[in-house]
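Spelled out from the first residue to the last, the chains are:
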Amino acid sequence: MAIDRRTFVAATTAGLAMSAAPRAMAKAVKAPPGPFPADFIWGAATAGHQVEGNNINADCWLLENVKGTAYSEPSGDAANSFELWRTDLELAKNLGLNACRFSLEWARIEPEPGQFSVAMLDHYKRIIEGARAMGLRPIVTFNHFTTPIWFAARGGWMNDEAPQLFARFCDKAARHLAAGIDHATTLNEPNLAGLLQLLLPSGLLEADKAMAAAAAAKLGVPAFLAGNAIYQPDPVKVQANLRAGHTAGKAAIKAVRGDLPVGVSLAMLDDQAAEPGSLRDAMREKLYNAWLRLAQTDDFVGVQNYERSIWGKKGKLDPPADARRNIMGAEVYPASLAGAVRYAYEVAKVPVMVTEHGVGTDDDTIRAWLIPEALTHLKTAMDEGVPVKGYCHWSLIDNFEWGFGYKFHYGLHTLDRQTFARTPKPSALVYRDYIKSHTAGA
Ligand code: FCB
């Protein structure tokens, strides 16, 4: 009879329980991990387009408002964080965080090709300096999906000039801002661009394709490809250009400030093999490996995890019947973060920064349950030897969740879309208390 790993572990533990000495051993194995290091980075994340509001020169803005849009609603004022950034920093401070992750809006900084706005660069400089003054380490994403309309109208990341255009932006932004940045990432989840079409329902893909065509027609250009487009006519090319963009962008930032840690944030599932011969390794190869190998030359790799995937021989298996679910109906599995982090380190072999992790749900008790559980699994991975520099929860506040608009809630704080008031959810206090009681010397 075949014996699976779980049965084996259970049987072994039962055996150990019979004698006194091994009982102490079993206890040691089960002991909760020790505290996080005193210099661990504790943050919460946002992204420009999702919170700032009125980001009118960005590709998404055009798509949200084009006739036949696939977006459920436009971003509009978002959380008005363009004005209320100091309030956001205070929210982070009040949770006892020592870092905040946010992004630069390329479309504001370079609204026309080659035309850079000093006023907008100054705006982000005020945020960076404001964060530092509050004791928050700024973790800055140079590009979180959205690109300027002119960039998307030239074919976005399909354009062979895209890597150099991005590097030029990184150079200008770094010259103005790098001095105050703590950690920089070039791109957000570029590993999924052009590959989401493998994972998402075909209806979504068709709607995205039609929306891009409507935008191209409106502008009178052959193709309009947004930074977060699901449909990409040539995924291989878009991936190659994004990798070249990361390399050139990183070089531009490093040329300004060689000691600034630079990485890239990757979307990663915790992929598990249900049986020998499962698709897991093939999916890992497709979804992450080229990027993780590229990250071997970076200072760190950003991991963004929300779910696990259990792969059988033919595809993804259903989650267990009793699983807690997020708003999409997918399983909320607290150990998934540690699983994704372990794999990222196994291949990239550089320290990991968790740049996003969280859950989309209207039931905040799920978030309050997830945070401590996931962090304890993460610390266990660290105790096993995986170097993890920090953790940023997605998101600081409820915000504009791309195609899903404001209906999807990932925030530690609620957002009143009329008054822009932010209110901590109970899970925010759970996160605050966890940090306080699980950080060395806190
Ligand atoms: C990630 C994105 C982020 C947010 C979360 C829920 O894929 O990076 O902007 O939408 O998902």
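Just above sits the structure.
To keep things clear, this report deals only with the structure shown in the data block. (Residues numbered from 1 in each chain as written. Predicted model: local features only at pLDDT ≥ 70, side-chain atom pairs only at ≥ 80, totals over all residues. Heavy atoms only, no water.)

### Side note on the site of the ligand
Around the ligand, the neighbouring residues are Gln-50, His-144, Phe-145, Asn-188, Glu-189, Gln-304, Tyr-306, Glu-356, Trp-394, Glu-401, Trp-402 and Tyr-410. The separation between an oxygen atom of the ligand and a polar side-chain atom of Trp-402 is 3.1 Å. Considering the ligand on its own, with 300 Å² of exposed area, one finds that the protein chains cover 89% of that surface. (Near = heavy atom within 4 Å. Polar contact = N/O pair within 3.5 Å; in protein donor to acceptor, adjacent residues only side chain to side chain. Areas by Shrake-Rupley, 256 points an atom, 1.4 Å probe, with all protein chains shown as cover.)

### Here's the deal with helix H13 (residues 280-294)
Each turn of an α-helix holds 3.6 residues, which means side chains three or four residues apart point in the same direction. Its 15 residues give H13 an end-to-end C-alpha distance of 21 Å, which sits within 8% of 21 Å, the value for a rise of 1.5 Å per residue. Within H13, the full set of buried residues consists of Met-283, Arg-284, Leu-287, Tyr-288, Asn-289, Trp-291 and Leu-292. (Helix = DSSP H or I, 4+ residues; strand = E, 2+ residues; numbered from the N terminus. Expected span 1.5 Å × (residues − 1). Buried < 20%, exposed > 50% of the residue type's maximum accessible area, 1.4 Å probe, protein only.)

### A look at the packing of helix H9 (residues 162-177) against helix H12 (residues 235-256)
How two helices sit against one another is set out by the angle between their axes and by the gap between those axes. Direction vectors running N to C along H9 and H12 enclose 25°, while the axes themselves pass 8 Å from each other. Here H9 is positioned roughly parallel relative to H12, judged by the angle of their axes. Taken as a pair, H9 and H12 cross one another with a handedness that is right-handed. Contacts from Pro-163, Gln-164, Phe-166, Ala-167, Cys-170, Asp-171, Ala-174 and Arg-175 of H9 reach H12 at Asn-241, Ala-244, Gly-245, Ala-248, Gly-249, Ala-252, Ile-253 and Val-256. The residue inventory of the contact of H9 with H12, partitioned by class, reads 10 nonpolar, four polar and two charged. (Axes fitted to C-alpha atoms, helices over the stretch in contact; angles between N-to-C directions. Parallel < 35°, antiparallel > 145°, perpendicular 65-115°, else oblique. Left-handed = near helix turned anticlockwise from the far one by under 90°. Contact = heavy atoms within 4.5 Å. Nonpolar A, V, L, I, M, F, W, Y, C, P; charged D, E, K, R; others polar.)

### Digging into the packing of aromatic side chains
Two aromatic rings are characterised by how far apart their centres lie and by the angle between their planes. Tallied over the full model, the rule gives 22 aromatic pairs. Judged by centre distance (5.7 Å) and plane angle (65°), the rings of Trp-157 and Phe-166 are edge-to-face. Per residue, the accessibility class of Trp-157 equals that of Phe-166, and both read buried. Three or more aromatic residues joined by ring pairs make a cluster, and in this case those are Phe-36, Phe-40, Trp-42, Tyr-391, Tyr-431 and Tyr-434. Positioned above the aromatic ring of Tyr-406 is the side chain of Arg-417, whose terminal nitrogen or guanidinium carbon lies 3.5 Å from the ring centre. (Phe/Tyr/Trp six-rings, centres within 6.5 Å; stacked < 30°, edge-to-face > 60°. Lys NZ or Arg CZ within 6 Å of the ring centre and 35° of its normal.)

### Quick look at the nonpolar core
Counting 93 residues, the largest nonpolar core has Trp-42, Phe-142, Phe-169, Leu-292 and Leu-378 as its most contacted members. Among residues more than four places away in sequence, those in contact with Leu-292 are Leu-266, Met-268, Val-301, Tyr-343, Ala-344, Val-347 and Ala-348. Ala-152, Ala-153, Ala-216 and Tyr-406 belong to the second-largest nonpolar core, a separate cluster that totals 18 residues. (Core = buried A, V, L, I, M, F, W, Y, C linked by side-chain atoms within 4.5 Å.)

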